[in-house]
Amino acid sequence: MAGVSPQIFVWCTAHNRRAVRGHWAQDVINEWSDKQIINGYNGYFEPDASMTRADVAVVIDRIMDYQDEAENTFSDLGNAYYTDALLRVAGQGVMQGDDGQIRPVDPIPREEIVCVLQRAFDIDAAEERTGFADNDAISSWAQASVAAFEENGFVSGKSGNVFDPQAEVTRAEVIQMLDNLSASALTDLRVAVAGEDG
């Protein structure tokens, strides 16, 4: 199982709490935001903004503290704030490219973020179909990962019990998945809120 030993301390600014008040993910955003795992924009979390593949790589790299980078053989990966993180995540086989590209600025779909997190946290794939109403819309390469995340309570459906696999994942949804993972005995990810003993 992937080892995630460092505790992650979380604090929230008052203006960010006001900005997400009433959002369905308000509680987990307030627990996780402004702690340099997922940074906001201009002081705001922007919970409903989509995340790119580069954004996700930076988040995973911060949590896992990977040390080894893959060689940059990607034709679309230049020098950017996310380059090193992407290469470290790729070096662990957590995020994969296609046809020599890693598509750093592409928004990441819900089915793909599940696959990436499943590899990062070494969650066993499931053998059964999901219980989502749109199970047949989930790509074949993502079926086992999504089923495992549903089975373990790491991801839930939207209204009408649809997974909406090709929809762009939002920052709030990623935070919720990470919070669900941190609460599970299946992972070593542990989150401590600033001010708590730890």
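Residue indices follow the written sequence of each chain, beginning from 1 at its first position. Since the coordinates come from a predicted model, pLDDT governs what is reported: local features require at least 70, and pairs of side-chain atoms require 80 or more to be given and counted, while whole-chain, interface and lining totals use all residues. Heavy atoms throughout the structure, all of them, feed into the side-chain values; hydrogens and water do not.

Caption draft 1: Inspection of the overall build of the protein at higher detail. Strands are runs of DSSP state E lasting at least 2 residues, helices are runs of H or I lasting at least 4, and numbering of each runs from the N terminus. Scanning the protein from terminus to terminus reveals seven helices and two strands. Tracing the protein from N to C terminus, the helices and strands come up as β-α-α-α-α-α-α-α-β. Taken across its 198 residues, the protein has 49% of its residues classed as buried. Every residue pair with non-hydrogen atoms within 4.5 Å of one another is taken to be in contact. Contacts in the protein between residues at least 24 apart in sequence constitute 71% of all its contacts with a sequence separation of at least 6. Taken as a whole, the protein presents about 9700 Å² of accessible surface, with 42% of it coming from carbon and sulfur. Only protein chains enter the calculation, and the probe is 1.4 Å; a residue is then buried if its accessible area is under 20% of its type maximum, exposed if over 50%, and partly exposed in between. Surface accessibility follows the Shrake-Rupley procedure with a 1.4 Å probe radius. Residue values consider only the protein chains on display as shielding.

Caption draft 2: Spatial organisation of the confidence of the model for the protein. Known as pLDDT, the predictor's per-residue confidence is scaled from 0 to 100. Here the protein averages 84 in pLDDT, while 80% of its residues score no lower than 70. Segment residues 1-13 is flagged for pLDDT under 50; beyond a separation of four residues in sequence, or across chains, it makes 53 contacts in the model. Low pLDDT (under 50) marks residues 191-198, which in the prediction has 17 contacts with non-local residues, meaning those over four places away or in another chain.

Caption draft 3: A look at the packing of aromatic side chains. Geometry of aromatic contacts follows a simple scheme: Phe, Tyr and Trp rings, the Trp one being its six-membered ring, pair when their centres are within 6.5 Å, and the pair is stacked under 30 degrees between planes, edge-to-face over 60, tilted otherwise. This model, assessed by the stated rule, comprises three aromatic pairs. Considering the side-chain rings of Phe-149 and Phe-154, the 5.1 Å spacing of their centres and the 75° angle between planes classify their relative orientation as edge-to-face. Taking relative accessible area as the criterion, Phe-149 reaches 0% and is therefore assigned buried. Placement of a positive charge over a ring is assigned whenever Lys NZ or Arg CZ falls within 6 Å of the ring centre and within 35 degrees of the normal to the ring plane. Lying over the aromatic face of Phe-45, Arg-171 brings its terminal NZ or CZ to 4.7 Å of the ring centre.

Caption draft 4: View of the pattern of salt bridges. Salt bridge, as applied in this entry: a Lys or Arg side-chain nitrogen positioned within 4 Å of an Asp or Glu carboxyl oxygen. Under the defined criterion, the tally for this structure stands at seven salt bridges. Measuring nitrogen to oxygen at the nearest pair gives 3.2 Å for the salt bridge that ties Arg-110 to Glu-173. Here Arg-110 is found in helix 5 (residues 110-120), whereas its partner Glu-173 is found in helix 7 (residues 171-182), with 63 residues between them in sequence. The exposure class assigned to Arg-110 is buried, which follows from its relative accessible area of 2%. The network of salt bridges with common partners includes Asp-61, Glu-69 and Arg-88.

Caption draft 5: Fine view of the side chain of Arg-88. Residue position: Arg-88 is located in helix 4 (residues 83-91). By relative accessible area, which is 18% here, Arg-88 ends up buried. Among residues more than four places away in sequence, those in contact with Arg-88 are Asp-61, Tyr-66, Gln-67, Asp-68 and Glu-69.

Caption draft 6: Representation of unusual backbone geometry within the structure. Even without being glycine, Arg-103 reaches a positive phi, approximately 50°. Given the relative accessible area of 29%, Arg-103 is considered partly exposed.

Caption draft 7: Region of interest: the nonpolar core. The nonpolar core is taken to be a set of buried Ala, Val, Leu, Ile, Met, Phe, Trp, Tyr and Cys residues, with the residues joined through side-chain atoms within 4.5 Å. Residues Ile-60, Ile-113, Leu-117, Phe-121 and Leu-178 are the most contacted members of the largest nonpolar core, which totals 56 residues. Of all the elements, helix 3 (residues 53-64) adds the most residues to this core, at eight residues.

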